[in-house]
Amino acid sequence: VSGPLVAADTSRMAQHTGINNMKYGLKIAVATIAILGMGASANAGSSDGKIQIKAMATLVAPDGKITSIELDNIGLPAGTQTEADDNFIPTIAAEYFLTPNISVETICCVTQHDVTGTGPLDGAGLVSNANIIPATLTAKYHFGDGSGFKPYVGAGPTYFIFIDEKAGSTAQALGATRQKMNDKVGFALQAGFDLPLDDKGLGLSVDAKRYFVTTTARWYAGQTELLRTRHKIDPWVISAGIAYRF
């Protein structure tokens, strides 16, 4: 079955999965904020602590363009390109200060994206419900003496893990029964600031990361590979939220 019925089923599946991911992330964020609130009353004066936890709202804005076509048994029109959609998600970050100016940080999130065609295949559904875990560890340098407004820069490795991606409605109509994105190692650059809100460790945090990651996408009909393309993911990940240092 293809066409409108497949598109409707894919849309419902994406909506259901996205809602579940958002609910799960929000539960983590709420629980973390509650724990931080209890900690704040028990750890007055701990704003110079070595551990910082952040609960943040995050925009993930990937690229998704094709950089090369390695196998084409479908017959893509000349000039075919692709793009990935943006997503808003809750994220949790954990940071450890090695010195007052140097820290390491990791984040926890799952983001979901669809990939559609542009150019001759404008709007064509090619990848549906690609869930990504961007496992990331950055080393950060914080400017200043550690008090008041605290800007920082950072960099570090990342490993993109793709989970449960599916062929989009147009790819299914062209004969694809499944789709796979390769997990991939990449690199992230980071900049942002922390702003204390009181003397008990509570603060505001704003963060921007630019990832540099490529992946290989494959579409199959049963065990037969129909199409293989390389893509530039390279998302901007921009976050803002509440931090607690203890």
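Here, every reference points to the structure presented above.
All values derive from a computational prediction rather than experimental measurement.

Each value, and the rule that gives it
- All residue numbers here refer to positions counted from 1 along the written sequence of the relevant chain.
- The predicted nature of this model means local features are confined to residues of pLDDT at least 70 and side-chain atom pairs, given and counted, to a pLDDT of 80 or more, with totals for whole chains, interfaces and linings taken over all residues.
- Side-chain figures throughout are based on the complete set of non-hydrogen atoms in the structure, without hydrogens or water.
- Helix numbering and strand numbering both begin at the N terminus, where a helix is a DSSP run of H or I of at least 4 residues and a strand a DSSP run of E of at least 2.
- Whether two residues are in contact is decided by their heavy atoms, any of which lying within 4.5 Å being enough.
- A pair of aromatic rings is counted whenever rings of Phe, Tyr or Trp (Trp by its six-membered ring) have centres within 6.5 Å, and the orientation is called stacked for planes under 30 degrees apart, edge-to-face for over 60 and tilted otherwise.
- Each residue's exposure class comes from its accessible area (1.4 Å probe, protein chains only) as a fraction of the maximum for that residue type: buried when under 20%, exposed when over 50%, partly exposed otherwise.
- Charge-over-ring placement is defined geometrically: NZ (Lys) or CZ (Arg) within 6 Å of the ring centre, and within 35 degrees of the ring normal.
- Among buried residues, those of type Ala, Val, Leu, Ile, Met, Phe, Trp, Tyr and Cys that are joined through side-chain atoms within 4.5 Å constitute a nonpolar core.
- One bridge is not enough; two strands pair if DSSP finds at least two bridges between them.
- Whenever a carboxyl oxygen of Asp or Glu lies within 4 Å of a side-chain nitrogen of Lys or Arg, that contact is scored as a salt bridge.
- Polar contacts here mean pairs of N or O atoms no more than 3.5 Å apart (in protein, one a potential hydrogen donor and the other a potential acceptor; neighbouring residues in sequence count only if both atoms are side-chain atoms).

Colleague: What is the right way to look at the environment of Gly154 in this model?
Modeller: Assignment of secondary structure puts Gly154 in strand β8 (residues 150–163). Separated by 52 residues in sequence, Gly154 and Ile102 have C-alpha atoms that sit 9.5 Å apart. Excluding residues within four positions of it along the chain, Gly154 makes contact with Ala139, Lys140, Ala188, Leu189 and Gln190.

Colleague: Please explain the packing of aromatic side chains as it appears in this structure.
Modeller: For any pair of aromatic rings, the description rests on two quantities: the centre-to-centre distance and the angle between the ring planes. Enumeration over the complete set of coordinates arrives at four aromatic pairs. When the centroid spacing of 5.2 Å and the interplanar angle of 80 degrees are considered together, the rings of Tyr141 and Phe143 count as edge-to-face. A residue is classified by how much of its surface remains accessible, and Phe143, at 41% relative accessible area, is partly exposed. Taking the centre distance of 5.6 Å and the plane angle of 20 degrees together, the rings of Tyr244 and Phe246 count as stacked. Across the ring face of Tyr220, the terminal group of Arg178 is positioned such that the distance to the ring centre comes to 4.0 Å.

Colleague: Explain the nonpolar core here, please?
Modeller: Here is a general trend for soluble globular proteins: nonpolar side chains tend to be buried in one another's company. Core analysis: the biggest nonpolar cluster contains 29 residues, and Val127, Phe160, Ala176, Tyr211 and Trp219 have the highest contact counts within it. For this core, the secondary-structure elements that each account for two or more residues are β4 (87–97), β7 (125–142), β8, β13 (214–221) and β14 (224–232). Looking at this core, the element that brings in the most residues is β7, giving four residues.

Colleague: Explain the pairing of strand β12 (residues 202–212) to me, please; I cannot follow it from the model alone.
Modeller: Successive side chains on a regular strand alternate, one facing one side of the sheet and the next facing the other. Burial of the side chains of β12 is restricted to one face: Gly203, Ser205, Asp207, Lys209 and Tyr211 are buried, whereas none of Leu202, Leu204, Val206, Ala208, Arg210 and Phe212 on the reverse face is. Here strand β11 (residues 184–196) runs beside β12; their pairing, made up of ten bridges, is antiparallel. Looking at β12, one finds that Ala191 is bridged to Ala208. Connecting the antiparallel pair β11 and β12 is a turn made up of five residues, with Gly201 showing a positive phi of about 105 degrees. Inspection of the sheet shows β12 paired to strand β15 (residues 236–245) by nine bridges, in the antiparallel sense. Paired with Arg210 across the strands is Trp236, a residue of β15.

Colleague: How should the pairing of strand β5 (residues 102–108) be read in this particular structure?
Modeller: Of the two faces of β5, the one holding Ser103, Glu105 and Ile107 is buried and the one holding Ile102, Val104, Thr106 and Cys108 is not buried anywhere. The pairing of β4 with β5 spans six bridges and is classified as antiparallel. Opposite Tyr96, over in β5, you have Val104 as the bridge partner. Taken together, β4 and the strand that follows it, β5, pair antiparallel across an intervening segment of four residues.

Colleague: Looking at this structure, how should I read the pattern of salt bridges?
Modeller: Working definition: two side chains of opposite charge can pair if their charged atoms are close together. Inspection of the entire model under this criterion finds twelve salt bridges. A salt bridge links Glu95 to Lys54; the shortest N-O distance between them is 3.8 Å. Pair noted here: Glu95 is in strand β4 and Lys54 is in strand β1 (residues 51–61), with a separation of 41 residues, a long-range link. For the pair shown, Glu95 and Lys54 are each scored as buried. Among the salt bridges present, the one from Asp194 reaches Lys54, with a minimum N-O distance of 3.4 Å. Residue Asp194 is found in strand β11, and its partner Lys54 is found in strand β1; the two are separated by 140 residues along the sequence. Exposure class is identical for Asp194 and Lys54. Each is buried. Connected via shared salt-bridge partners are Lys54, Glu95, Glu105, Lys140 and Asp194.

Colleague: Please clarify how the environment of Thr138 should be interpreted in this entry.
Modeller: Among the structural elements, Thr138 can be located in strand β7. Residue classification places Thr138 among the buried residues on the basis of a relative accessible area of 2%. Along the sequence, Thr138 and Thr106 sit 32 residues apart, while their C-alpha atoms lie 6.6 Å from each other. Excluding its chain neighbours within four sequence positions, the residues that come into contact with Thr138 are Ser103, Val104, Glu105, Ala155, Gly156 and Gln190. One polar contact links Thr138 to Gln190, side chain to side chain, over a distance of 2.8 Å.

Any functional reading would require information beyond the geometric quantities listed.
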